[in-house]
Every structure is written in structure tokens, then in C-alpha cells.
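Here's the letter readout for the chains.
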Amino acid sequence: MNINKIVSVALSLVVACSLLVFPAVPKANAASKLNEPKLIDVFDLMCDCGENHIHGSTIVELGNGELLVAWFQGSGEKDGDSTKIMGARLPQGESKWTEPFVMVDVPGFPDINPSLYMDKNERLWLFWYPILANRFETSQPKYVYAEKGNYEYASGFKEAPKWDWQEIMYVNPGDDFTGKSTWSNGSFTHGIKGSEMRYFSDASLISQVGEDNYVEVIGKPSGEKRYIIDSFAVKLRNAIKESTDSIQASRAYGDKTDDFVARMQTQELPQALDRATGAGNNLREWNPIYNVIGWQTKNKAMEIEYGGKTRLLLPLYSDSLRASIMAYSDDNGTTWNYSDPIAGAGNIQAATVQKKDGTLRSYFRNISPNGEMVFNESADGGVTWGVTQVEPNLKHNAGFDIVKLQTGEWVLPHTDSLDGRNSLSISISDDEGATWTTRPIQVTEDKEDKIHYPAVIQAKDGTIYVSYSQAINEGDMKNIRIAKFIDFVYEIEEVNVVTTQGYEPKLPAKVKVTFQEGTNEYPVVWEAIDPGQYKAAGTFKVKGTVNVDGKSLNAYAQITVRAAGVVYPPTEPPKTTDPEPETETPIEKKFTDLGKHEWARDAIEALTAQGVILGTSETKFSPEKSITRADFLLLLVRAFEFKAEFHSNFEDVAKTDYYYEALGVARELGLAKGTDGARFNPKANITRQDIMVLVHRALLLAGEQIESGTYKDISHFSDVSMIAEYARESATALVKEGIIVGDGKALKPLKSATRAETAVIIYRLLKL
């Protein structure tokens, strides 16, 4: 960088980067090749001995990189009144799990099937269900959650989090229980809310109502016939019927198809309807209690964007009804709604993933005759679901889970031995479930061993963790085990290209691909660039395809378009034929308030001596004082001498503001996007991670050849997980360049930058 261009800038500010909203950009692509996993016991095998039934694990990564695993443990499952939800932690940077501790316990009731989830606001959720009367039909789903700062090991929570809230989930799919309805003028009139489902008794109305809109059932033991019109019961019947018809038409189970269909029609469907309608309720005939109780948890929640809101989804299932529903909340769990029933093959324990087009696909444990998994899809955010389809390439003999990797592949661990649970495998699909490849995780010779009920996540650093129950020696010895896969076997370095508006970018023919054992260059095929993308100054991405080991991977080029007619600082200092030897002038120590900021003295004294940064008085620098968004952007625009004509500015920037011109130029060049595209919030303090973004973008806009960084460059910082996605690319690059170094342990990306930190960053920029 041309130092003389920057030294002329006098500033009595400190660096802190504007809270600018930049579009999210893809991270360096990493393709998944699952190596041999490392198997880690959370705790040593222990004797069941009638008191330590250990099962149903769940795992989550906390915001600081810590891992938390939970499971249920006690004297049994539905009949184990001492069974509790237990947990253990793997603190960030540690290699050994903590001793197990109690996460939650409803005294006197079995607590079963925990499910941990960390939402996008870093709220930690734990879903599970106590069993009220020692039968799965009396399961009552429940949850607790803890806000950020109340669950981390580093915050002092060595065992259970400090739960901020707990709540019972009152599940109520379908319509209100209003009992007998009357027909008039082509529609029903319903009564007041009571204890029975909506129905009619007059058989003459059947033709008017339509056979798809009622369910005919006979009460037990009364023998009374009713035509149920409750939406849940009707949709449950329709889902099973339509799915069964589809399976029969496709002969999905080969020569076992007819037997499967017969079982569904004569056993599963009648039982489900008896229980759903209350016709077969042996507690009180016609009371549909199994609709509102008996719902169970298993797999993790997930968040999607739908209808302009973030939707939280939680799969629930009923052993009693042999069906599932999706609980969903559009207000972060304040209120819950419930989907139509998902049924057709005894569908329980959904493992859900979202496709590229937004469609949800849930794979289900089921009663298929050959052990095949089945799946259903939803195109409306999980409210309604299509017919059950058979997945012939995936076998199961117990519950399973799924996760979508950062690189788009789907990973699904499952117990795939049909004559036992002694074989746990992991399957991966890179084409959204069209094809799958499978490899073992753990297999034992003894068919009585159980290696089952896996849960899977991918950590921010790409590592895949599979937690599962292990019961060996005829089930006498049990524990929770983790299979750890290092997912990122190779990375493709992002390319930075600079051009001038009106000129097509010149993209390289090859890109660097980094393997665990080294780096090679591979040919890349870039997508065509629309000329309109480089007509104006700004930045955009170009996608390319690289073939590595027969696998097509994505590469990306960051294109920076500079404004035509603008003179930019040269990327290299001009060469002279007879350079003068450089001498260092001793710098006077003039500021008396640096105190704890001696680490920044050289930078502060040097820059103030050059007039780049000024003190707040003759002897004071105020090193801990923050800087505003506008002041930092003003510094940056002047330092790089960016220029551009502009005809509009941010709505909250007045023409009389001293930073009006600088912000207008920055907006025109694409350096600043503002907080919502229209406003900039210029007087707010800025964060360290925003400094990284703005400095990185300025360097690229100025034509500096900044080498892209990778996660490895920042992985040693304890708070790397706190870096926002939009800032991660800039952080890795600037750390790699040595412009950002943190305090040796942390980057503190969310902290407002101080004058001292700003001085050091500018000083490093001048030395590039």
C-alpha cells in the first residue's frame, strides 16, 4: 500500500467498523469425504443392573464451540420412575467430557427422549417428554430453554444450564371437540366445546358431505355408529389410505406389498381411527384423549424461513396412532401450532431436512416389511404433507437422524442390520436423496449388542458428530458414545479478481485445492458473467465448477468492479532506481494515559506523529473511547482516496453532516450498504468484526491482492463461533495477513472497537 497516500489523513478518531449490512457470501467450499471416525466414550461403560438403562442421546454445539450431549438414564423407559435426563459437556478446547449430571427431572415420572437445539438467536432448547401413567400413550411433551450466558461452561455452568423458562406443550391438532353437529343449507353447525369429536349420525347426509370428508367408526362397546368430521381424524384416514394406495400401485415392497397393504387396511388403520376418534377409548368411549396426549419427541428441532418469518419446527410422533405431526412456531416458541397428520406406513420419529427449493423432507421410522425407510414432503413450511414414499436405498431397525452439511450433502446415521441392532452405519447423499452411499460406523459380532438411536450434528468447523447408545455384553454394559468425523477433507480457495467498470473480469483457468496432505491446482469452469454485473462499481460473486476425484465441487470468485476514471492507490509502491536507505526517527512518548494500552503505544505515537490520528488533548489519547460508524468510514474513504459521483445518500445522513460526501462515495462504490439499504445509523459505535469487513472490502476495492484465509487461520481463537457469517471471510483473510491478531486468545468480534485498537489496525495497514 502507498503509505504517502494515507499519511496525509488527519483524524481524531479511532477505528471501529460500521455496522454495515453486507450480503452473505459463500464460504470456501468443502466437499465431504467421510474418513474413519474417531470413537469417543462420553463416560465409561457401566452396568445396567436394573438402575442404569441408558438410551436416546442428543447432541448440540453451543455458540462458543462447546459440545453438550444429553440422554435418559434410570430404571427403565415408560415404567422407570427414576429415569432422568442426564447430560455431559465437552468444554471448548478440552479433550475429555465432564462427569454426567442431571439436566432435568420431573420427580416420580420417567423422563424420556431428550432433544437439544440451539436456535439462530443462541437460545438453547431442550425438548423431552415425561410419561404420566407408565404407558407411552400418556406421554406429555415438555420443554425448557436457556438464553445465551446461562448455559456455557465458560460462564460458570459446569453442569446443567440455568433454565430461563419451562413449558408443557398442549398439543391440539384438528378441530375443537364440539360433539354432534347439525346439517343445514349445505353446511354443518357445531355445538359448544365438550369432550367428543365433531360428528353426525344421519346416514342420509353421506352423499352430501362426500366420502373424503368423514370417517365412519363404531363405538366400543356400545356399537354406536358415528360419522366423524373432525379434520384431524379425516386427514389421518386420508393420509393412510392415499399412501397405502400409492405403495400398492408402485409395488414398492415387491412380493410383500400385498401383505403390507392388508396389514394397514385391517389392523393399523382401524386401530389409528379407533384411538383418534375415541371410538375405542377404553377409559371413556368417544373421548379422543389420544389426540391431545401421547405425543413424543425424538429428533432435533430446526428453523426455516417461511412467510417472511423464522419458523421453528419440532417433529412429534405418537406410538398410539402410529403417526407423526410437526409442531411449528412463528414467534420463537411463544405459541405453537400443529400440522396435519403424517401417516401411511406407521410413520414415527421424523428426521427432517430442507431441500434447495425450500421443500421439507422427513424420513421416518416405520413398519415396512423389508426395513426400508419412508419419507414425506411438505411445500408449505411443514403444515401439510404429501403421500408416504418408500426409500429403498436406506434400511433401518431403530430410530435415526439426519443433518444437511454446510456443503449441501445430507448425512444420515442409522442402524441398518435388520436382524439386530449391532451395526451402525452412516449414509451420505450429494443429490438431495436421489442416491446414497453408506459406510459403517461401528459393527459388533454379537447380535445381542445394541449400537443404536443416533443423533447427528455438524459443528461450525465442519466436524460431524454422531452420538448414540451403546449396550454390549447382552445389554448389561451401557454408555453414550460419540463418532467424530473430520468432514473437511479438501477446501477450494476463493479467487479475488479486480476489474474496472465496463471491462469483463479475467478469471483464472485454475484454482487452488487444499487437501490434508498438501495443495494442488485444478482446472475450473466458470459460469458465464452477465455484462450488466460489471457496468457499475461494486462487488459480486461468480460460481465455478471443479472436478476433484470424480466429484464436481463449487468454486467462487469475488469480483470487485472499480469505478472508471478514479485514480486508485497502486498495488505496489513505485520502484526507484536508487532508493535512499530508510532511517527510523525516534518517536516521542507524549501520551500519559495509555496505561494498560502499552501494547498499542508504538502505533499510537507513530500515527499521531504523522498526523494520521490525533489525541484528545496534548497529553491524552483516550485509548478506550469508541468510534462511530460514520467516522470510521470517513477515515477509510479519505485514506484510500476513493472518489465517485453520487446522486443520493442514506436517509439518515444530512447534507450538512461533515461525513456526507464520504458516505455518499462509499455507498456508490458498494463499500457501504447501510443497515437496511436506506439508512446507515452513522452515530452508532461499530464492532471489531465490522472493522474487518470494511477494511477487507476497501483493500479489494483498491486492488490489493489479499489472499483468502480459511477456518484454520482463525480456529485457535476461543470465540471464533461468535463471528457472524458475513464477517467470517474478512476475518480469515485479515488474520492470515496479520492485520488482525486479537489478543492471542480471542478476536472479540462483537465488541466495539477502541481508539487504541483502531490505531494498531491502521498502523498495520500502512505497513502492508
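Located above this text is the structure these notes cover.
### Notes on the overall build of the protein chain
For the protein chain, the helix and strand inventory stands at twelve helices and 37 strands. Counting only residues that meet the buried cut, the protein chain has 55% of its 768 residues in that class. Taking contacts inside the protein chain between residues at least 6 apart in sequence as the whole, the part at least 24 apart equals 59%. For the protein chain, the accessible area works out to roughly 32,900 Å², and carbon and sulfur atoms hold 48% of it.

### Here we look at the sheet that holds strand S27 (residues 423-429)
Pairing within the open sheet is antiparallel, and its four strands lie in the order S25-S26-S27-S28. Looking along the sheet, the strands with just one partner apiece sit at the ends: strand S25 (403-404) and strand S28 (437-443). Note: strand S26 (residues 410-415) against S27, six bridges, orientation antiparallel. Following the sheet pairing, Val 411 is matched in S27 by Ile 428.

### Brief notes about the sheet that holds strand S6 (residues 84-90)
Ordered by their spatial adjacency, four strands build an open sheet running S4-S5-S6-S7, and the pairing between neighbours is antiparallel. The open sheet has two free edges, formed respectively by strand S4 (53-61) and strand S7 (101-104), since each of these has just one partner strand. The sheet shows a mean angle of 35° between the axes of neighbouring strands, taken without regard to direction. Sheet topology note: the S4/strand S5 (residues 67-74) ladder contains seven bridges and is antiparallel. Among the inter-strand pairings, His 55 is bridged to a residue of S5, identified as Phe 72.

### Some thoughts on the state of the cysteines
Scanning the model with the defined rule gives one disulfide in all. In this model, Cys 47 is linked to Cys 49 through a disulfide, with the two sulfur atoms separated by 2.0 Å. On the sign convention where negative means left-handed, the S-S torsion of about 105° between Cys 47 and Cys 49 marks this disulfide as right-handed. With relative accessibility at 31%, the residue Cys 47 sits in the partly exposed group.

### Some words on the packing of helix H3 (residues 231-250) against helix H4 (residues 257-277)
Geometry of a packed helix pair, given as the angle between the helix axes and the separation of the axes. Viewed as axis vectors pointing N to C, H3 and H4 meet at an angle of 175°, and their least axial separation amounts to 10 Å. Considering the angle they form, H3 stands roughly antiparallel to H4. Residues Phe 232, Ala 233, Leu 236, Arg 237, Ile 240, Thr 244, Ile 247 and Gln 248 of H3 form the contact with H4, whose participating residues are Thr 257, Asp 258, Phe 260, Val 261, Met 264, Leu 269, Ala 272, Leu 273, Ala 276 and Thr 277.

### Let's talk about the pattern of salt bridges
Opposite charge on two side chains lets them pair, provided their charged atoms get close. Going through the model one piece at a time under the given rule, you end up with 30 salt bridges. With a shortest N-O distance of 2.7 Å, Asp 258 and Arg 251 are connected by a salt bridge. Owing to a relative accessible area of 39%, Asp 258 belongs among the partly exposed residues under this scheme. For the salt bridge of Glu 598 with Arg 601, the shortest nitrogen-to-oxygen distance reads 2.8 Å. Shared partners join several salt bridges into a network, and the residues in it are Arg 135, Glu 137 and Arg 275.

### Quick word on helix H6 (residues 601-610)
Among the ten residues of H6, seven are classified as buried, and the element is accordingly described as predominantly covered. Residues of H6 that are buried include every one of Arg 601, Ala 603, Ile 604, Glu 605, Ala 606, Leu 607 and Thr 608, and no others.

### Focus: the pairing of strand S16 (residues 225-228)
The pairing of strand S14 (residues 199-200) with S16 spans two bridges and is antiparallel. Directly across from Tyr 199, in S16, lies its bridge partner Ile 228. One ladder, built from four bridges, connects strand S15 (residues 215-218) with S16; its direction is antiparallel. Opposite Glu 216, over in S16, you have Tyr 227 as the bridge partner.

### Things to note about unusual backbone geometry
Here the bond from Lys 220 into Pro 221 is cis, since omega is 15°, no more than 30 degrees from zero. Structurally, Pro 221 can be placed in the loop between S15 and S16. The backbone phi angle of Asn 185 is positive, close to 55°, even though this residue is not glycine. Relative to the assigned elements, Asn 185 resides in the loop between strand S12 (182-184) and strand S13 (187-189). Even without glycine at this site, Gln 349 takes up a positive phi of about 55°. Within the element layout of this structure, Gln 349 appears in strand S21 (residues 348-354).

### What about helix H8 (residues 660-669)?
Most of H8 is tucked away, with seven of its ten residues classed as buried. Along H8, the positions that sit buried rather than exposed are Tyr 660, Ala 662, Leu 663, Gly 664, Val 665, Ala 666 and Leu 669. Of the surrounding elements, those touching the buried residues of H8 are strand S36 (538-548), helix H7 (629-640) and helix H9 (688-701). Downstream of H8 by one or two residues, Gly 670 has phi in the positive range, about 85°.

### Some details on the packing of H7 against H9
Two elements in contact, H7 and H9, have axes whose closest approach is 11 Å; the angle formed by their N-to-C orientations is 20°. Relative to H9, the element H7 is oriented roughly parallel. In this structure, the crossing between H7 and H9 has a hand that is right-handed. Each of Phe 632, Leu 633, Leu 636 and Phe 640 in H7 lies in contact with H9, whose residues at this interface are Ile 691, Leu 694, Val 695, Ala 698 and Leu 699. Looking at side-chain class alone, the contact of H7 with H9 contains nine nonpolar, no polar and no charged residues.

### Some details on a negative patch on the surface
Negative charge collects at one region of the surface, where Glu 445, Asp 446, Glu 448, Glu 474 and Asp 476 lie side by side. With respect to the secondary-structure elements, Asp 446 resides in the loop between S28 and strand S29 (450-458). Accessibility expressed as a relative area gives 33% for Asp 446, which makes it partly exposed.

### Description of the packing of aromatic side chains
Taken as a whole, this structure holds 23 aromatic pairs when the rule is applied. Plain terms: the ring middles of Trp 410 and Trp 436 are 6.5 Å apart, the flat faces sit at 50° to each other, and that makes the pair tilted. A residue pair is termed long-range when its members are at least 10 positions apart, and Trp 410 in strand S26 and Trp 436 in the loop between S27 and S28 qualify at 26 residues. In this structure, Arg 275 packs its charged tip against the face of Tyr 290, placed 5.5 Å from the ring centre. Over the aromatic face of Phe 375 sits the side chain of Arg 361, whose NZ or CZ is 4.0 Å from the ring centroid.

### Side note on the nonpolar core
Counting 65 residues, the largest nonpolar core has Phe 632, Leu 633, Phe 642 and Leu 663 as the members making the most contacts within it. Contributions of two or more residues to this core are made by H6, H7, H8, H9, helix H11 (725-737) and helix H12 (755-766). Residues Met 169, Tyr 199, Leu 313 and Leu 321 belong to the second largest nonpolar core, which totals 56 residues.

### Notes on the side chain of Asp 111
You can see Asp 111 is positioned in strand S8 (residues 111-118). For the buried Asp 111, which has no salt bridge, the nearest side chain bearing the opposite charge is Lys 142, at an N-O separation of 6.9 Å. Polar side-chain contacts of Asp 111 include one of 2.9 Å to the side chain of Trp 128. Filtering out sequence-adjacent residues up to four positions away, Asp 111 remains in contact with Phe 72, Thr 83, Lys 84, Ile 85, Val 104, Asp 105, Val 106, Trp 128, Tyr 129 and Pro 130.

Calculation rules
- Residue positions are given per chain, counting from 1 as you read along its sequence in written order.
- Given that the model is predicted, a residue must reach a pLDDT of at least 70 before its local features are reported, and side-chain atom pairs must reach 80 or more before they are shown or counted; all residues, however, enter totals for whole chains, interfaces and linings.
- Calculated side-chain values reflect all of the structure's heavy atoms, with hydrogen atoms and water omitted.
- The secondary structure listing takes helices from DSSP runs of H or I that are at least 4 residues long and strands from runs of E that are at least 2 residues long, numbered from the N terminus.
- Accessibility here uses a 1.4 Å probe with only protein chains present; expressed as a share of the type maximum, an area under 20% marks a residue as buried, one over 50% as exposed, and anything in between as partly exposed.
- Between two residues, a contact is recorded if the distance between any of their heavy atoms is within 4.5 Å.
- Note on areas: these come from Shrake-Rupley sampling with a 1.4 Å probe, and a residue is covered only by the protein chains present in the view.
- Each pair of strands is called paired provided DSSP finds at least two bridges between the two strands.
- A fitted line through C-alpha atoms represents every axis, and for helices the fit uses only the stretch in contact; the resulting angles, taken between N-to-C directions, go from 0 to 180 degrees.
- A pair of cysteine sulfur atoms is labelled a disulfide when the two atoms are within 2.5 Å.
- Roughly parallel here means an angle under 35 degrees, roughly antiparallel means over 145, roughly perpendicular means 65 to 115, and every remaining angle is called oblique.
- Salt bridges are defined by distance alone: a side-chain nitrogen of Lys or Arg within 4 Å of a carboxyl oxygen of Asp or Glu.
- Here a crossing is called left-handed whenever its near helix is offset anticlockwise from the far helix by less than a right angle, and right-handed whenever the offset is clockwise.
- Residues were grouped as follows: Ala, Val, Leu, Ile, Met, Phe, Trp, Tyr, Cys and Pro as nonpolar; Asp, Glu, Lys and Arg as charged; and all remaining residues, including Gly, as polar.
- Patch membership needs two things, relative accessible area over 30% and no salt bridge, and members are linked within 9 Å if like-charged or within 5 Å if nonpolar (Val, Leu, Ile, Met, Phe, Trp, Tyr).
- Within this scheme the basic residues Lys and Arg register as positive and the acidic residues Asp and Glu register as negative, but His and the chain ends are omitted.
- Lys charges are placed at NZ, Arg charges at CZ, Asp charges at CG and Glu charges at CD.
- Pairing of aromatic side chains requires ring centres within 6.5 Å, counting the rings of Phe and Tyr and the six-membered ring of Trp. Pairs whose planes differ by under 30 degrees are stacked, by over 60 edge-to-face, and all others tilted.
- Placement of a charge over a ring requires the Lys NZ or Arg CZ to be within 6 Å of the ring centre, with the centre-to-atom vector within 35 degrees of the ring normal.
- Here the nonpolar core consists of buried residues drawn from Ala, Val, Leu, Ile, Met, Phe, Trp, Tyr and Cys, with membership extended through side-chain atoms lying within 4.5 Å.
- N or O atoms closer than or at 3.5 Å make up a polar contact, with two conditions inside protein: a donor-capable atom paired with an acceptor-capable one, and, for residues adjacent in sequence, both atoms drawn from side chains.

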